[in-house]
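Residues per chain are reported as follows:
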Amino acid sequence: MRLINVCGARPNFMKIAPLMRAFEGVPGIEPILVHTGQHYDRQMSRLFFEELRIPEPDINLEVGSGSHAQQTGLIMQRFEPVVAESKADAVLVVGDVNSTIACALVAAKLGVGVFHVEAGLRSFDRTMPEEINRVLTDAISDLLFVSEPSGIENLRKEGVADGKVHFVGNVMIDTLERSREQAERSAILEDLSLSAGGYAVVTMHRPASVDRPDVLRGLIEAFGEIQRDMPVIFPIHPRTRKQMAEAGLDGMTAGMPRLRLLDPLGYLDFLKLTAHAAVVMTDSGGIQEETTILGVPCLTLRENTERPVTLTQGTNRLVGMDPVRLLEAYRGIRNHPPKACHRPDKWDGQAAQRIAGIIADWRR
Ligand code: UD1
């Protein structure tokens, strides 16, 4: 089977890494790697290929940034001839970014198989671009690989045939488990003069949190309060950096000496940083899962999550974007650190192997 594997944006890289490794070992699967170029800065892309030893992409579509329609449309235009000319039998997509839906749609219309890794997650919030990408990708997929039980339930309710759905666990955790030891050797704590357990980490990049100046201002004010108590390390996504500058919020952080704004970090430095944090505050999806396995309290700056297992079994709590609620939750954690969490079912580092086994047996 000639199988095109698609990645495009930062959170895709840790998912595609264990899959490429698993496919290399399966006779009968011929993997091809396509990078759409949705993310292109070294810190957002290249660095992850080096650290996670992802093979060089066979093809880079170099689409770059743009509006949703521009980005999605350009990926489709450039991906279509790749699928046709390579005579691929199937296309595998991961996650919920614009590259995911764009390539799935091209493949479905060319009549080749579509495999979706991280299927079935639902925030039930259609204002999130990712939710639209998830629903549409799942609707046209032939194999749906689910990371947590909520995914099975959601797909059943949407009428997806049970036979297409496979509960395989979480490929992002495959990468975390494989990288933990190596990440421990990162010198990021020394470089930033931090002591284990003595600092907080923030990440934020979603339109809902960073595209509205009043919301962004409120959150930065809350981080300003927290940095009085402990250092707050904030590696900034390019989108957030741009929005802060445009909203004239850059100056705000001048009076917050322990709020440390950094460029985006590589995977290993970031894993070490989160593994030893007192608390993580984030609007990311993947970080809710990683903190669950690391046992580090996570305050999610959103009103909903498509990853409910991180709430029921993990360390995650939804606090929304109201600074008062965030500070209350922060103080709650300071006073009563949460108890250890459970490891969700099948988050055991073997998800990619399970997926490779199922794909090897797939026939249209
Ligand atoms: C995308 C995903 C989001 C994911 C996030 C992780 C979609 C709809 N969203 O959001 O689900 O959580 O990636 O990062 O696919 N930029 C750079 N350099 C880069 C990439 C982006 O400077 O390498 C800047 C550009 O100004 C760009 C902006 O970031 O306009 C947004 O990038 P884009 O790919 O549109 O979406 P993300 O916000 O990164």
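Because the structure is predicted, anything quoted here is derived from the model rather than measured.

Novice: Any chance you could break down the pairing of strand β2 (residues 30-35) for me, citing the residues and the numbers?
Specialist: Here strand β1 (residues 2-7) pairs with β2 via 6 bridges, running parallel. Bridging across to β2, N5 finds its partner in L33. When β2 meets strand β3 (residues 59-60), the two strands line up parallel, connected through 2 bridges. The partner of H35 across the bridge, within β3, is N60. Viewed along the sheet, the connection from β2 through helix α2 (residues 46-51) into β3 turns out right-handed.

Novice: Could you give an account of the domain arrangement of the protein chain, with specific residues and numbers?
Specialist: Buried accessible area, meaning the area lost when the parts come together, often serves as the stated size of an interface. Taken domain by domain, the protein chain consists of domain 1 (2-169 + 347-360) and domain 2 (180-335). Taking the mean C-alpha position of each, domain 1 and domain 2 sit 27 Å from one another. Tallying the contact residues gives 22 residues for domain 1 and 20 residues for domain 2. Each partner contributes to the roughly 1,800 Å² buried at the junction of domain 1 and domain 2, and carbon and sulfur atoms together form 58% of this total. Considering only the surface of domain 1 that becomes buried against domain 2, E51, E148 and W347 emerge as the three largest contributors, covering 29% of it. The interface formed by domain 1 and domain 2 contains 3 salt bridges. Counting across the interface, domain 1 meets domain 2 through 8 residue pairs in polar contact (both at pLDDT 80 or more). At the level of elements, α1 (10-24), α2 and α5 (129-139) are the ones that each hand at least two residues to the side of domain 1 that touches domain 2.

Novice: Tell me about helix α10 (residues 213-229), and name the residues and values.
Specialist: With 17 residues, α10 should cover 24 Å at 1.5 Å per step; its first-to-last C-alpha distance of 25 Å lies within 8% of that length. For α10, the set of buried residues is V215, L216, G218, L219, I220, A222, F223, G224, I226 and Q227.

Novice: Please set out the packing of helix α4 (residues 98-110) against α5 residue by residue, giving values where relevant.
Specialist: Where α4 meets α5, the axes come as close as 9 Å, and the angle between the chain directions of the two elements is 25 degrees. Considered as vectors, α4 and α5 are oriented roughly parallel to each other. Considering how the two elements wind past one another, α4 and α5 form a crossing that is left-handed. Along the contact surface, α4 presents N98, T100, I101 and A104, while α5 presents N133, L136 and T137. Of the residues in the contact of α4 with α5, the class split is 3 nonpolar, 4 polar and no charged.

Novice: Outline the site of the ligand, listing residues and values.
Specialist: Taken together, 18 residues lie near the ligand, and H39, D41, N98, E130 and H205 sit nearest. Here an oxygen atom of the ligand and a side-chain polar atom of Q71 are 3.5 Å apart. Between an oxygen atom of the ligand and a side-chain N or O atom of K242, the distance comes to 3.0 Å. Isolated, the ligand exposes 740 Å² of accessible area, and the fraction of that covered by the protein chains is 88%. Applying the majority rule of atoms within 2 Å of the grid points places the ligand in the largest pocket. Of all the secondary structure elements, the ones that give two or more residues to the shell around the ligand are α3 (68-86) and α11 (238-246). Grouping the constituent residues of the shell around the ligand by class yields 6 nonpolar, 8 polar and 4 charged. Per-domain counts for the shell around the ligand show at least three residues from each of domain 1 (2-169 + 347-360) and domain 2 (180-335).

Quick notes on the rules
Residues numbered from 1 in each chain as written. Predicted model: local features only at pLDDT ≥ 70, side-chain atom pairs only at ≥ 80, totals over all residues. Heavy atoms only, no water. Pairing = 2+ DSSP bridges. Helix = DSSP H or I, 4+ residues; strand = E, 2+ residues; numbered from the N terminus. Right-handed = clockwise from strand over helix to strand, strands pointing away. Domains from an automatic or database assignment. Contact = heavy atoms within 4.5 Å. Buried area = accessible area lost by both parts, 1.4 Å probe. Salt bridge = Lys/Arg side-chain N within 4 Å of Asp/Glu carboxyl O. Polar contact = N/O pair within 3.5 Å; in protein donor to acceptor, adjacent residues only side chain to side chain. Expected span 1.5 Å × (residues − 1). Buried < 20%, exposed > 50% of the residue type's maximum accessible area, 1.4 Å probe, protein only. Axes fitted to C-alpha atoms, helices over the stretch in contact; angles between N-to-C directions. Parallel < 35°, antiparallel > 145°, perpendicular 65-115°, else oblique. Left-handed = near helix turned anticlockwise from the far one by under 90°. Nonpolar A, V, L, I, M, F, W, Y, C, P; charged D, E, K, R; others polar. Near = heavy atom within 4 Å. Areas by Shrake-Rupley, 256 points an atom, 1.4 Å probe, with all protein chains shown as cover. 1 Å grid on protein atoms, 1.4 Å probe; cavity = no way out; pocket = protein on both sides within 12 Å on 5 of 7 lines; lining within 4 Å. Sits in = over half its atoms within 2 Å of the grid points.

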